[in-house]
Amino acid sequence: MLFGQLNTDIFTLFSGSNRHLYEAVLVKIYQDFYRSDLRFPSQAEIVGLIYETLAVNADLWREDEAPVVLDQVVTRKGRRMRRRRVEAADAQASNEALMRARHIYNRLLATGWLEEARYGLKVTVDMPPGAMRLAEFLCGLREGLSEQLGGLVVQVKNELDALQINARENAPGLHKAARDSASFGRYLRSVLSALREIDKLVLASDNLGRRLRHYFEDFVERVLLQDYAAITTVSHPYRYRHHIIQSLDRLEDSITDIGAIADAYLEARLAKNIAVAKDLVFDDFAQIRRVFERIEEAFEQIQQHRARLETRLRNTVRYAGRRSGTFIQRSEPLLLRLDKLLAREHALDLPGPLEPRQTPLSPFLLARPRTMRAPIVGGMLILPPPDPIRELRKRLERDYLDRLDVKPEQVSRFLERRVPPMGETHASGLWLDTVDDFLAFEALRLAVSATGDGADDVHPLVAHLRGSFTFTRTADMMIDNAWLRCEGFRVARKDSHVTLEVGDAY
């Protein structure tokens, strides 16, 4: 729960008129003590840091908003602080700043941003986990409205390539690649949101100076030179998009890789059983695919907003001179000259690019008046009928995936047909007639090769079949037929049980 981890009054600091001062103090405390270094400051160190922040940001707490020189404070062990006089310092402002620093410290304790911890006689000040995450989020907003996540496309590509080399060892990289893809999607969305925000600021500007400041400070420096440059160079959406989608297709078509990744997910406790682990693997594949298949639409919107802002900037600069009065100054001598020429008695023809006015040749060329618009009325919404080709494709894809998912019962029936009761057969003698026989044999071969000598290192398929069969790997005899060539193994049958199928019941 969100409010179970945060103090109920944690946001009250930003509801008053001193919210900018509390923002500066919180960011300074978090960056100096809790962001990267493992430090345990005392109360005197926190109050001293708040005092220094007040000295730097005098415009946030003084009524005249004028800069001021304060006395220096020296932090000692425990809660004692020593004040060192400065010749040019304002004594009254120093007293007020020290009182404000202690008041701010008590407010941070009361609202849950800080907490005191006692170790014997030593008292340290710590920041709770929920407040620490919130402070990190505030620092991220302060440092930049858009998230700088360059190189995420390259990271996703490398993680998918590592899965094709060794799926079991690099399985956690798939989960990270899904999170990186989602982060890259949020990154593109943040760039688009920043462009929309700049567009609103430009339209709301009431003078030319503010409009140009939004153009050059917000659009050019913050977005065009940082975010837009990143997504068009090292993080370009089209750079490795085709390669990433091809890697996803190969991984999704490989039963071996999916099984190995699901086993690694189960070992990492990302799922409670092997079925949930496989679903999580396919969910990660789908999340990566959704992001990189929908990148084109987001990138086109970013290009359109960028082009529109550049056009507005060009028009603003073009007409800035006319709004400032230079156009009137340049046209005034020309108008005076025209007045003198028109004051003469004889007619004067002035050559120029303007053509004489001509009447239209037909009344049908005139603009037609607007007619009454037809009212909008409600009606039945007719949905198009389902496409039979699309339904057939979905059914075939579903049948294909169901066929690739080999069940332990299929492998058991396959062995019952090939291994005699109470007998033993080498894997090279298990003949393959159909594709289903090959899929069952491939699943059995992978399960036997993945099973170790220990009791805990047993593949789930082998553990399911151990009640009726035993398996022994043989490195001297190989399997070489029309279907595959691999290392062999022996299968021994413990009973004569035969599983009845649906067709045998009639």
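### A few points about the overall build of the protein
No. 1: Helix and strand counts for the protein come out as 17 helices and seven strands.
No. 2: Across the 506 residues of the protein, 35% fall into the buried class.
No. 3: Partitioning the intrachain contacts of the protein with sequence separation of at least 6 by distance along the chain shows that 65% fall at a separation of at least 24.
No. 4: Roughly 33600 Å² of accessible area belongs to the protein as shown, and the carbon and sulfur atoms make up 54% of that amount.

### What about the packing of aromatic side chains?
No. 1: This model, assessed by the stated rule, comprises four aromatic pairs.
No. 2: Residues phenylalanine 14 and tryptophan 113 carry aromatic rings whose centres are separated by 6.2 Å and whose planes lie at 85 degrees to one another, so their mutual orientation is edge-to-face. Of the two residues, phenylalanine 14 is situated in the loop between helix 1 (2–5) and helix 2 (19–34) and tryptophan 113 in the loop between helix 4 (91–110) and strand 3 (115–119); the sequence distance between them amounts to 99 residues.
No. 3: Among the residues examined, phenylalanine 14 registers a relative accessible area of 25% and is labelled partly exposed.

### Quick look at the pattern of salt bridges
Between side chains of opposite charge, a pair can form as their charged atoms come close.
No. 1: In this structure the tally under the stated criterion is 16 salt bridges.
No. 2: The partner of aspartate 433 in a salt bridge is arginine 418, and the shortest N-O contact between them spans 3.7 Å. With aspartate 433 in the loop between strand 5 (424–426) and helix 16 (435–450) and arginine 418 in helix 15 (residues 408–418), the pair connects residues that are 15 residues apart, well separated along the chain.
No. 3: Judged by its relative accessible area of 8%, arginine 418 is buried.
No. 4: A salt bridge links aspartate 437 to arginine 418, with the shortest nitrogen-to-oxygen separation between them at 3.0 Å. Placement of the pair is aspartate 437 in helix 16 and arginine 418 in helix 15, with a sequence separation of 19 residues. By the burial criterion, aspartate 437 is buried, and arginine 418 matches it.
No. 5: One network of salt bridges, with partners in common, ties together Asp249, Glu252 and Arg289.

### Some details on the sheet that holds strand 5
No. 1: Taken in spatial order, the three strands of this open sheet run 5-7-6, and their pairing is antiparallel. Each of the sheet's edge strands pairs with one partner strand only, and the pair in question is strand 5 and strand 6 (469–480). Across the sheet, the mean angle separating the axes of adjacent strands is 20 degrees when strand polarity is ignored.
No. 2: Here strand 6 runs beside strand 7 (residues 485–493); their pairing, made up of nine bridges, is antiparallel. Bridging from a neighbouring strand, isoleucine 479 pairs with cysteine 486 of strand 7.
No. 3: This element, helix 15, spans strand 5, strand 6 and strand 7 of the sheet and lies at about 70 degrees to strand 6.

### A closer look at the nonpolar core
No. 1: Ranked by internal contacts, the top residues of the largest apolar core, which has 38 residues, are Ile29, Tyr34, Ile46, Ile50, Leu108 and Trp113.
No. 2: Among the elements that line this core, the one with the most residues is helix 2, at nine residues.
No. 3: Apart from residues lying up to four places away in sequence, tryptophan 113 is in contact with Ile10, Leu13, Phe14, Leu26, Leu108, Met127, Pro128, Ala131, Leu134, Ala135 and Leu138.
No. 4: Counting 28 residues, the second-largest nonpolar core is a separate cluster that includes Ala177, Ala178, Leu248 and Ile288.

### Focus: the packing of helix 10 (residues 255–267) against helix 11 (residues 274–293)
No. 1: Interaxial distance between helix 10 and helix 11 falls to 8 Å at its minimum, and their mutual angle equals 115 degrees. Relative to helix 11, helix 10 is oriented roughly perpendicular. Regarding helix 10 and helix 11, the two cross each other, and that crossing is right-handed. Of the residues in helix 11, those in contact with Ile258, Ile261, Ala262, Asp263, Tyr265 and Leu266 of helix 10 are Ile274, Ala277, Lys278, Leu280, Val281, Phe282, Asp284 and Phe285.

### Here we look at the packing of helix 9 (residues 241–253) against helix 11
No. 1: At a minimum axis separation of 10 Å, helix 9 and helix 11 run at an interaxial angle of 155 degrees. Taken as axis vectors, helix 9 and helix 11 run roughly antiparallel relative to one another. Seen along the crossing, helix 9 lies across helix 11 with a hand that is left-handed. Contacts between helix 9 and helix 11 involve Arg241, Ile244, Ile245, Leu248, Asp249, Leu251 and Glu252 from the first element and Phe285, Ile288, Arg289, Phe292 and Glu293 from the second.
No. 2: Among the residues making up the contact of helix 9 with helix 11, the classes are represented as seven nonpolar, no polar and five charged.

### Some points on the environment of aspartate 257
No. 1: Position of aspartate 257 among the secondary structure elements: in helix 10.
No. 2: Given the relative accessible area of 18%, aspartate 257 is considered buried.
No. 3: When the C-alpha atoms of aspartate 257 and glutamine 164 are compared, they prove to be 7.6 Å apart, with 93 residues separating the residues in sequence.
No. 4: Non-local contacts of aspartate 257, meaning those with residues more than four positions away in its chain, are made with Ala167 and Leu251.
No. 5: Within the structure, aspartate 257 has its side chain in polar contact with the side chain of serine 254 (distance 3.1 Å).

### Remarks on the environment of tyrosine 105
No. 1: Within the secondary structure, tyrosine 105 sits in helix 4.
No. 2: Residues tyrosine 105 and valine 47 lie 58 residues apart in sequence; the distance between their C-alpha atoms is 6.4 Å.
No. 3: In this structure, tyrosine 105 is in contact with Gln43, Ile46, Val47, Ile50, Leu114, Glu116 and Val125, ignoring residues within four places of it in sequence.

### Notes on helix 2
No. 1: Here helix 2 is 16 residues long and its end C-alpha atoms lie 21 Å apart, about the 22 Å a rise of 1.5 Å per residue gives.
No. 2: For helix 2, the set of buried residues is Leu21, Tyr22, Ala24, Val25, Leu26, Val27, Ile29, Tyr30, Phe33 and Tyr34.

### Comments concerning the confidence of the model for the protein
A low pLDDT means the predicted coordinates there should not be read in detail.
No. 1: Averaged over every residue, the pLDDT of the protein is 76; residues scoring 70 or more account for 74%.
No. 2: Helix 8 (residues 208–231) is the least confidently modelled element of the protein, averaging 54 in pLDDT, while helix 14 (residues 388–404) averages 89, the highest of any element.
No. 3: In the model, residues 145–149 has pLDDT below 50 throughout and makes twelve contacts with residues more than four positions away in sequence or in other chains.
No. 4: Considering only residues more than four positions removed or in separate chains, one finds that residues 502–506, a stretch of pLDDT under 50, has zero contacts.

Here is what the cut-offs are and how they apply
- Residues numbered from 1 in each chain as written.
- Predicted model: local features only at pLDDT ≥ 70, side-chain atom pairs only at ≥ 80, totals over all residues.
- Heavy atoms only, no water.
- Helix = DSSP H or I, 4+ residues; strand = E, 2+ residues; numbered from the N terminus.
- Buried < 20%, exposed > 50% of the residue type's maximum accessible area, 1.4 Å probe, protein only.
- Contact = heavy atoms within 4.5 Å.
- Areas by Shrake-Rupley, 256 points an atom, 1.4 Å probe, with all protein chains shown as cover.
- Phe/Tyr/Trp six-rings, centres within 6.5 Å; stacked < 30°, edge-to-face > 60°.
- Salt bridge = Lys/Arg side-chain N within 4 Å of Asp/Glu carboxyl O.
- Pairing = 2+ DSSP bridges.
- Axes fitted to C-alpha atoms, helices over the stretch in contact; angles between N-to-C directions.
- Core = buried A, V, L, I, M, F, W, Y, C linked by side-chain atoms within 4.5 Å.
- Parallel < 35°, antiparallel > 145°, perpendicular 65-115°, else oblique.
- Left-handed = near helix turned anticlockwise from the far one by under 90°.
- Nonpolar A, V, L, I, M, F, W, Y, C, P; charged D, E, K, R; others polar.
- Polar contact = N/O pair within 3.5 Å; in protein donor to acceptor, adjacent residues only side chain to side chain.
- Expected span 1.5 Å × (residues − 1).
- pLDDT = per-residue confidence, 0-100.

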